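So the chains spell out like this:
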Amino acid sequence: MKRYSVFAIAREAMSYHLGWERAWAAPQPKKEYDAIIIGAGGHGLATAYYLGKNHGIRNVAIIEKGWLGGGNTGRNTTIIRSNYLQDPSAAIYDKALKLYEDLSQDLNYNVMFSPRGLLMLAQTHHEVRGYLRTVHANTLQGVATEWISPARVKELVPIINIDGPRYPILGALYQARGGTARHDAVAWGYARACSAMGMDIIQQCEVTGVRSENGVVKGVETTKGYIGTKKLGIVVAGHSGQVADMAGFRLPIEAVALQALVSEPIKPCMDVVVMANTVHGYMSQSDKGEMVIGGGTDGFNNFTQRGSFHHIEETLRALVETFPMISRLKMLRQWGGIVDMTGDRSPIISKTPLGNCFINCGWGTGGFKAIPGSGWAMADLMARGEPGPLAADFNMWRFREGQFIDESVAAGVAH
Amino acid sequence: MLILECPYCGVKAEETELSPGYEAHLKRFGPGSSDDEFNDYMFARKNPKGVHFERWRHAYGCGKWFLAARCTATLEVFGTYPAQSSEPPADLVAKIKAKRPDWSGYK
């Protein structure tokens, strides 16, 4: 792999930019691998990357039924934060945030991480109490967040209307280190680094079955034939239940649609990320100038990658009151993704009833921000066969034991 | 826009008038059952990509709970029936089977 650098740009400029090589290879599957990851989204690719980088396991295939980064990695609103209430969540999301901070250097690929600061608005008295509690929890966890006044919110976000009347701004939970990154670049950067380590990224290859012997995984049936493996990692977000079914176990997960939309591009007007959980709306401005807006999830099982229109209407109606200037904006594109929701709104990174088969799922509406930390913890679990400190609490048996990591209360819905 | 006909009042209600209640026909396990049974009842869900039986409430109408058969992959609605049903009516199952020959059936 040729490194990207300012010198590479200069060199290529001399030769009409004809010398750039493909970022990743497109191999045919081998007969057997040391590890197979199902799902070449952010989490799957990050898992493969840290398997190679941290654990030296490089005979790895990442199998993807569509194209890499084409699922929720390419469909989210790119928000990165780690201001969670529960200790296990804060640990893994803050690990991810720290990895994001130098991910571009680590991958030699510009993921455009922009720690522009993130506000979670408190618009009811319940939220004020909830966020004050989160600030105290974050202080104990060593995650730097602060509670800021409405006046300070107005200073950070001049386009905001703090007076209400329906949704007045009573303060905000502020994480200065939070921000956004270029979502596709995260997948592409990991993919390029995995390919450079000799891993096979096999796109357009759907897994149709999981083969096992004496309770231990042996390989996967795919549309490109049978592929053997010593270890299997299932990292498929919305379709986790379907793949788990092939592997012979059930998950405490339901798949629902979550929507986002972007406006036409406008001049820079907001240089922070704003989340308003009471009205299920969050907004940031992309480098292209589009206002990127996320909404709430539908309340019913859905695999169609399109959501209900009334959620867009509800989200925009509320955001127009909070940001009056967006009332004239035209919305350009709208899309949906299938998110895998657990009962406690926390992910699952776990061993499974099938030997040497591991699962990473349940990220629900908030997976993008966790990609590096999730991959780090999943790679550790797959390499050693036992969960490390980041993953231990996120095992799939926590529901049975009543040891929830309850972020549904802490995070509201926008998560 | 999802539209379901309430089997009680006969109103064709769109989804803003309804509250979703997720998977229907859960067999309840309580005191005296095994941990596995209780865990499955509380947390494990079928979550199929295809035919799904689920609970809905006509929240901004007659207020009653009812059940619906719906396809989660296409959003097609097969039919609705009263909540006082321990399993889907036979004619509805036959109708779904005719439309979805690959469907493994209600179990």
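What counts as what
Residues numbered from 1 in each chain as written. Chains lettered and ligands numbered in written order. Predicted model: local features only at pLDDT ≥ 70, side-chain atom pairs only at ≥ 80, totals over all residues. Heavy atoms only, no water. Helix = DSSP H or I, 4+ residues; strand = E, 2+ residues; numbered from the N terminus. Buried < 20%, exposed > 50% of the residue type's maximum accessible area, 1.4 Å probe, protein only. Contact = heavy atoms within 4.5 Å. Areas by Shrake-Rupley, 256 points an atom, 1.4 Å probe, with all protein chains shown as cover. Lys, Arg positive; Asp, Glu negative; His and termini not counted. Charge placed at Lys NZ, Arg CZ, Asp CG, Glu CD. Salt bridge = Lys/Arg side-chain N within 4 Å of Asp/Glu carboxyl O. pLDDT = per-residue confidence, 0-100. Buried area = accessible area lost by both parts, 1.4 Å probe. Phe/Tyr/Trp six-rings, centres within 6.5 Å; stacked < 30°, edge-to-face > 60°. Pairing = 2+ DSSP bridges. Axes fitted to C-alpha atoms, helices over the stretch in contact; angles between N-to-C directions.

Side note on the overall build of chain B
No. 1: A tally of regular secondary structure across chain B gives two helices and six strands.
No. 2: Shown N-terminal to C-terminal, the secondary structure of chain B runs as helices and strands in the order β-β-β-α-β-β-β-α.
No. 3: On the principal axes, the C-alpha backbone points of chain B span a range of 40 × 35 × 25 Å.
No. 4: For chain B, with 107 residues in total, the buried portion stands at 37%.
No. 5: Restricting to contacts in chain B with at least 6 residues of sequence separation, those with at least 24 account for 48%.
No. 6: Roughly 5800 Å² of accessible area belongs to chain B as shown, and the carbon and sulfur atoms make up 53% of that amount.
No. 7: Taken together, the 15 basic and 14 acidic charged side chains of chain B have centroids lying 3 Å from each other.

Some details on the pattern of salt bridges
Opposite charge on two side chains makes pairing possible when the charged atoms of those side chains draw close.
Residue and element names in this part refer to chain B.
No. 1: One pass over the full model with this rule turns up 23 salt bridges over all chains.
No. 2: A salt bridge links K12 to E5; its shortest N-O distance comes to 3.3 Å.
No. 3: Residue classification places K12 among the exposed positions, given a relative accessible area of 62%.
No. 4: By relative accessible area, E5 is classed as partly exposed at 36%.

A look at the confidence of the model for chain B
No. 1: When pLDDT is averaged along chain B, the result is 93, and 100% of the positions lie at 70 or above.
No. 2: Strand β5 (residues 65–71) of chain B holds the highest mean pLDDT among the elements of chain B, 97, whereas helix α1 (residues 35–42) of chain B holds the lowest, 91.

Focus on the interface of chain A and chain B
Accessible area lost during the coming together of the parts is what is often quoted as the interface size.
No. 1: Of the residues lining the interface, 23 residues belong to chain A; the matching set on chain B comes to 24 residues.
No. 2: In this assembly, chain A packs against chain B so that about 2100 Å² is buried in total across both faces, 53% of it on carbon and sulfur atoms.
No. 3: On inspection of chain A and its partner chain B, the count reaches one salt bridge.
No. 4: A salt bridge links A:R400 to B:D36, with the shortest nitrogen-to-oxygen separation between them at 2.2 Å.

Side note on the packing of aromatic side chains
No. 1: The full count for this structure, using the stated rule, is 17 aromatic pairs over all chains.
No. 2: Look at A:Y84 and A:Y93: their rings are 3.9 Å apart centre to centre, the planes differ by 5 degrees, and that puts the pair in the stacked class.
No. 3: Looking at A:Y84, the relative accessible area reads 2%, which means it is buried.
No. 4: A centroid spacing of 6.0 Å and a plane angle of 45 degrees characterise the contact between B:F53 and B:W103, whose relative ring orientation is tilted.

Looking at the sheet that holds β5(B)
Residue and element names in this part refer to chain B.
No. 1: What the four strands build is an open sheet, ordered β3-β4-β5-β6; its pairing is antiparallel. The sheet terminates laterally at β3 (19–23) and β6 (77–82), the two strands that pair on one side only. Direction aside, neighbouring strands of the sheet carry axes that sit 30 degrees apart on average.
No. 2: Note: strand β4 (residues 51–57) against β5, seven bridges, orientation antiparallel. Opposite R57, over in β5, you have W65 as the bridge partner.
No. 3: Against the sheet, helix α2 (residues 90–99) engages β4, β5 and β6, with an angle of about 170 degrees to β6.

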